[in-house]
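# Observations on chain architecture
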Amino acid sequence: MNAFVNPVDQRPLRVGVAGAGAIGCTLAALLARAGAAVHVLARGASLTSLRRDGVRLRRQGQCLQAAVVASDDAHALGPQDVLFLCAKAQDVARLLQAALPMVGPQTCVVPLVNGVPWWYFQALPGPWQGRAVRAVDADGALLALLPVAQIAGAVVFITAERLGPGEVLSDNPLLLVLGELDHSLQSDRLQRIAVWLERAGIEARIAPQIRDTLWTKVLANLTSNPLSVIAGATLQNIYGDARLQPIVRQMLQEGLALAAACGARIAFAPASFMAEGAAMGEVRTSMLQDFEAGRSLELAAIGDAVLELARLQGMAMPVTERVIALAHFRDEARSAHADAAAREPATSMTTTMTITDRIQEVSP
Ligand SMILES: NC(=O)C1=CN([C@@H]2O[C@H](COP(=O)(O)OP(=O)(O)OC[C@H]3O[C@@H](n4cnc5c(N)ncnc54)[C@H](OP(=O)(O)O)[C@@H]3O)[C@@H](O)[C@H]2O)C=CC1
Ligand SMILES: CC(C)(CO)C(=O)C(=O)O
C-alpha cells in the first residue's frame, strides 16, 4: 500500500509485542528501528537477552539491532496502541491473559497466529455467530478476555526463525495482511498500524474480507504442516513427491470445498499452488521444526479446528481427518517416547546399583 499518513495522528505508535519468538522479535526489531515505541512482554532467557542486548534481527546479511522496553510484567509496560500477540496458537490464551494490562480501551489487539483463530465466528452474521471455535478455545475463555471490537484479524506471510534468545533470522519478503473482523473497509486504526508497518519495511495490506486471506493460509498450513511431521518431509517433498501429491490434492479439494461452504471467495489454483510449494525447496515447516525440537504442535488450530468447521457444515473430509489423526499419533508417540527416555537413566542407575550391590554381597 502507499504510505498513507493519517493527518490526525502522527505520534509514535506504542507497539506491544507479546511473545519474543521468531515473529515477535522480527516485528519488534523493525518497528523499533522505524521509530515506534516498542514494548515487549517476554520471559526467561529472552527477557534477559532483550534487556542486555536489545533485539537482534539478521536480515539479508545485516544484523539489525534495536533497543526495546522489555518486561515479564505487563503492568510495567502499560496500555499500547496496538498489541501483537506472537505465540503458537495453543499458548495464546495464557499469553493474552498475561498481556491484558497492555490493553487499554483503545488498544487494537492483533493476533499473529496460524490456523483458524478463536474469533472466527465473531462480528459477522451467520448461523454460528458468537460461537467459540472449540478446538482452540474449548470453554470460550479466550473470547471472554476481550471485547471483539478490540481485535483485528491478520494473516502472516513472514518466515522467521529463532537463532537464540532475542535473536532471529528473517530473509524473505515480509507481508502482513490485516482486516477488521466485521469486514468493514474503513479503519483508521488499521491504516495507522499499516503506515507504521510500511515504515518498518513490512508490506501491509488491508483486506476487505480477512477470512478469505485466512483460508489461503489455512490451506497452506493444513496441506503441509501435519504431513511434514508424519513423513519427515520438506515442502519440496510434500508438493512434489509423487507419493505425497495425491494426498495433498485430496486435502486441497476437501479444504477448498469447506472454505467455499464457509463463504470464502478465494482465487486458488491447486496445480500452481503445488508447483510453487514444491519450488520452495528443502523448507522444513514450522511444525516439523517444533516436532524435532520436542515442542508442542499447533495441530488444534491448523487441523482440529478445520475439522470442527467441517462438522458444523455437515461436510466430510476423510483424507484430512486421517492425516490429522496420524499427525496427532506421531506427536503423542514422540511425547511418550520422550517421557520414557527421561525415566530411563533412573532405571539403569537402579539396575546398576542393584547389580553392584549383589557383586559386593558375594565378594569376600
Ligand atoms: N516463524 C514463522 O516463520 C511463522 C510463524 N507463524 C505463526 O506465528 C505464530 C508465532 O510463531 P513464532 O514466532 O514462530 O513462534 P515462537 O515459538 O518462535 O515464539 C513464540 C514466543 O511466545 C512466547 N510465549 C509463549 N507463551 C508465553 C507466555 N505465556 N508469556 C510470555 N511469552 C510467551 C515464547 O516464549 P518461550 O520462548 O519462553 O517459550 C516464544 O518466545 C505461530 O502461530 C506461527 O505458526 C506464521 C508464519 C510464519
Ligand atoms: C512454510 C509454511 C508456509 C508451510 O505451510 C508455514 O507457514 C509454516 O511452516 O508454518
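These figures come from a predicted structure and were not determined experimentally.

## Overview of the site of ligand 2
Close contacts around ligand 2 come from Asn114, Ala220, Asn221, Ser224, Asn225, Val283, Thr285 and Ser286, and that covers them all. Within the shell around ligand 2, the residues separate by chemical class into two nonpolar, six polar and no charged.

## Quick notes on the sheet that holds strand 8 (residues 152–157)
One open sheet holds the three strands; their spatial order is 8-11-12, and the pairing between them is mixed. For this open sheet the edge positions go to strand 8 and strand 12 (203–206), each flanked by a neighbour on one side alone. Between one strand and the next, the sheet's axes are offset by a mean angle of 20°, whatever the strand orientation.

## A look at the site of ligand 1
Taken together, 28 residues form the shell around ligand 1, and within it Gly19, Gly21, Ala22, Ile23 and Asn114 come nearest. Counting residues per element, the ones that place at least two in the shell around ligand 1 are helix 1 (22–33), helix 2 (44–53) and helix 4 (92–99). Grouping the constituent residues of the shell around ligand 1 by class yields 14 nonpolar, eight polar and six charged.

## Considerations on the environment of Ala132
Within the fold, Ala132 resides in the loop between strand 7 (103–111) and helix 5 (141–145). Sequence separation between Ala132 and Pro117 is 15 residues, and the spatial gap between their C-alpha atoms is 9.5 Å. Aside from chain neighbours lying at most four places away, what touches Ala132 is Trp118, Asp137, Gly140 and Leu143.

## A look at the nonpolar core
Among the nonpolar cores identified, the biggest contains 112 residues, and Ala28, Leu31, Val40, Phe84, Leu85 and Leu178 are the most heavily contacted of them. Formed jointly, this core draws a minimum of three residues from each of two domains, domain 1 (14–208) and domain 2 (213–329). Look past the residues within four positions of Ala28 in its chain and what remains in contact with it is Val17, Val38, Val40, Val55 and Val68.

## Re the domain arrangement of the chain
For the chain, the assigned domains read domain 1 (14–208) and domain 2 (213–329). Between the C-alpha centres of domain 1 and domain 2 there is a distance of 24 Å. Counting residues per element, the ones that place at least two in the side of domain 1 that touches domain 2 are strand 8 and strand 11 (175–180). A breakdown of the residues in the side of domain 1 that touches domain 2 according to their chemical character gives nine nonpolar, five polar and two charged.

Thresholds, definitions, all that
- Residues numbered from 1 in each chain as written.
- Chains lettered and ligands numbered in written order.
- Predicted model: local features only at pLDDT ≥ 70, side-chain atom pairs only at ≥ 80, totals over all residues.
- Near = placed C-beta within 6 Å.
- Nonpolar A, V, L, I, M, F, W, Y, C, P; charged D, E, K, R; others polar.
- Pairing = 2+ DSSP bridges.
- Helix = DSSP H or I, 4+ residues; strand = E, 2+ residues; numbered from the N terminus.
- Axes fitted to C-alpha atoms, helices over the stretch in contact; angles between N-to-C directions.
- Contact = placed C-beta atoms within 7 Å.
- Core = buried A, V, L, I, M, F, W, Y, C linked by C-beta atoms within 7 Å.
- Buried ≥ 20, exposed ≤ 12 C-beta atoms within 10 Å, placed from the backbone.
- Domains from an automatic or database assignment.

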